[in-house]
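# A structural walkthrough
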Amino acid sequence: YKWMNRLSLLCHFVLACILNFLIEVISRHSLFAAWNYLIGSPKVFLFNTYLIFATFSIVYLFKRRVFTRILLSVFWMILGISNGYMLMKRVTPFNAQDLKVASDAVSLINNYFNPFELTLLAIGIVAVVVWVISMWRRGGQYTGKIYRIPALIGVVVWIGGYVVLTNVAIDQRVVSNYFGNIAFAYEDYGLPYCFMASVFNTGIDEPSGYSKKTMEEIGQNGKLTESKITNAKTKKTKPNILFVQLESYFDVDNAEFFKTSQDVCPNLHKMFKKYSTGYFKVPSVGAGTANTEFEVLTGMNLRYFGPG
């Protein structure tokens, strides 16, 4: 312990590297994919490692430093394991929004775990809790004097350094604060940064003076958005656009890997010939498609909101 305490900063950095790599192995379900990520994006890997490293500065505030390191390590590993398991069941990674709807998620637990997996999960949680409690006794205490004020200043400096580094990384396009596709963002920027971004980046604030009354005044109590299109036969006001979004429906002719003996979508192709038609680009495919639907239906940009 004396030797490790003398080189604690170096040990913290090595531990942060190991934890970051293990998190990515679990999240990507592959040792080789995590290694390619490390080699292919070393700046991103070190950036995420620094975040984990900065959290270990908290240990200098306590005498039970070994126990505190274990708690922090368990926290980061829980994030990695949760993300890795969720990506086995869905395409959207684990993010802060999952914690906000945790109470609702209980009713969906059978969609994520079968009885055997629930049993293993319970055993695992109990085992980790028992181990952590035992390390409270076995981990020992730091025998030297604790300088809490300098230690607290150190915590502020390390965490503040991460905030500054994040701004630099965004400016240099090492990472991004906008996740057009959250699944790809986790692959490109790593779990530690992306998860923390989903915690602290909650989007724009409410504009000054915003209220229901103000919006009604701007909209002239609905007159501004009132439809002026009238059906000549029925004399009833009708919308001039019918907009239908069906995620499970697509133009089969776009499938290049097979041909059909007859037109599978005759009504769709009939409307293509009769009305305006075309294609437009969307920010996400395969994960977060509800974001695309939201942008199209409301006209609002997802950059207004936080990741996830």
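See above for the structure.
Below, the structure is looked at part by part.

Rules of the game
Residues numbered from 1 in each chain as written. Predicted model: local features only at pLDDT ≥ 70, side-chain atom pairs only at ≥ 80, totals over all residues. Heavy atoms only, no water. Helix = DSSP H or I, 4+ residues; strand = E, 2+ residues; numbered from the N terminus. Rg over C-alpha atoms; globule rule 2.2 N^0.38 Å. Buried < 20%, exposed > 50% of the residue type's maximum accessible area, 1.4 Å probe, protein only. Contact = heavy atoms within 4.5 Å. Areas by Shrake-Rupley, 256 points an atom, 1.4 Å probe, with all protein chains shown as cover. Patch = residues over 30% accessible without salt bridge, like charges linked within 9 Å, V, L, I, M, F, W, Y side chains within 5 Å. Salt bridge = Lys/Arg side-chain N within 4 Å of Asp/Glu carboxyl O. Axes fitted to C-alpha atoms, helices over the stretch in contact; angles between N-to-C directions. Parallel < 35°, antiparallel > 145°, perpendicular 65-115°, else oblique. Left-handed = near helix turned anticlockwise from the far one by under 90°. Nonpolar A, V, L, I, M, F, W, Y, C, P; charged D, E, K, R; others polar. Phe/Tyr/Trp six-rings, centres within 6.5 Å; stacked < 30°, edge-to-face > 60°. Lys NZ or Arg CZ within 6 Å of the ring centre and 35° of its normal. Core = buried A, V, L, I, M, F, W, Y, C linked by side-chain atoms within 4.5 Å. Expected span 1.5 Å × (residues − 1).

### Here's the deal with the overall build of the protein
On a plain count of helices and strands, the protein comes out with 15 helices and 0 strands. By the compact-globule yardstick of 19 Å for 308 residues, the protein is too spread out, its C-alpha radius of gyration being 26 Å. Within the protein, the proportion of its 308 residues that are buried is 31%. Here the analysis covers contacts within the protein between residues at least 6 apart in sequence; of these, 68% occur between residues at least 24 apart. A total of about 21400 Å² of accessible surface is found on the protein, and carbon and sulfur atoms cover 64% of it.

### Considerations on a nonpolar patch on the surface
Together, Trp3, Met4, Leu7, Leu10, Phe13, Val14, Ile18, Leu22 and Leu46 make up an exposed nonpolar region whose accessible area comes to about 850 Å². Those elements giving two or more residues to the nonpolar patch turn out to be α1 (2–6) and α2 (8–28). With 5 residues, α2 is the single largest residue contributor to the nonpolar patch. Positionally, Trp3 belongs in helix α1. Its relative accessible area of 60% is what places Trp3 among the exposed residues.

### So, the packing of α2 against helix α3 (residues 31–40)
Their axes nearest at 8 Å, the elements α2 and α3 cross at an angle of 125 degrees. The angle between α2 and α3 places the two elements in the oblique class. Taken as a pair, α2 and α3 cross one another with a handedness that is right-handed. Touching Phe21, Glu24, Val25 and Arg28 of α2 are Leu31, Ala33, Ala34, Trp35, Tyr37 and Leu38, all from α3. Here the contact of α2 with α3 is built from residues that sort into 8 nonpolar, no polar and 2 charged.

### Section: the packing of aromatic side chains
What the rule picks out here adds up to 17 aromatic pairs. Where Tyr85 meets Phe113, the ring centres are 4.8 Å apart and the plane angle is 5 degrees; that geometry is what we call stacked. One end of the pair, Tyr85, is in helix α5 (residues 65–89); the other, Phe113, is in the loop between α8 (109–112) and α9 (115–138), with 28 residues separating them in the sequence. The class for Tyr85 is buried, based on a relative accessible area of 17%. Grouping aromatic residues by their ring pairs yields a cluster made of Phe13, Phe47, Tyr50, Phe53, Trp158, Tyr162, Phe179, Tyr189 and Tyr193. Lying across the ring of Trp136, Arg64 places its NZ or CZ 3.9 Å from the centre. One Lys or Arg, Arg303, reaches over the ring of Tyr178 and ends 4.0 Å from the middle of that ring.

### Things to note about the nonpolar core
Among the nonpolar cores identified, the biggest contains 35 residues, and Ile52, Trp76, Phe179, Tyr189, Tyr193, Cys194 and Phe195 are the most heavily contacted of them. The set of elements that each furnish at least two residues to this core consists of α2, α4 (42–55), α5, α10 (148–171), α11 (182–189) and α12 (191–200). Not counting residues up to four positions away in its chain, the partners in contact with Trp76 are Ile23, Leu51, Ile52, Thr55, Pro192 and Met196. Formed by 6 residues, the second largest nonpolar core is a distinct cluster that contains Phe67, Val74, Val132 and Met135.

### Let's talk about α4
Taking 1.5 Å per residue as the helical rise, α4 with its 14 residues ought to reach 20 Å, and the 20 Å between its terminal C-alpha atoms agrees with that figure. With 11 of its 14 residues buried, α4 lies for the most part within the structure. Those residues of α4 that sit buried are Val44, Phe45, Phe47, Asn48, Thr49, Tyr50, Leu51, Ile52, Phe53, Ala54 and Thr55. Considering only its buried residues, α4 is in contact with α2, α3, α5, α10, α11 and α12.

### What about the packing of α4 against α10?
Following both chains from N to C, one finds α4 and α10 inclined at 165 degrees, their axes separated by 9 Å at the closest point. Of the possible angle classes, the one that applies to α4 and α10 is roughly antiparallel. Viewed along their axes, α4 and α10 form a crossing whose handedness is left-handed. Residues Phe47, Tyr50, Leu51, Phe53 and Ala54 of α4 lie in contact with α10, whose contacting residues are Trp158, Ile159, Gly161, Tyr162, Leu165, Thr166 and Ala169. In terms of residue class, the contact of α4 with α10 is built from 10 nonpolar, 2 polar and no charged.

Bear in mind that shape data such as this cannot, by itself, settle questions of function.
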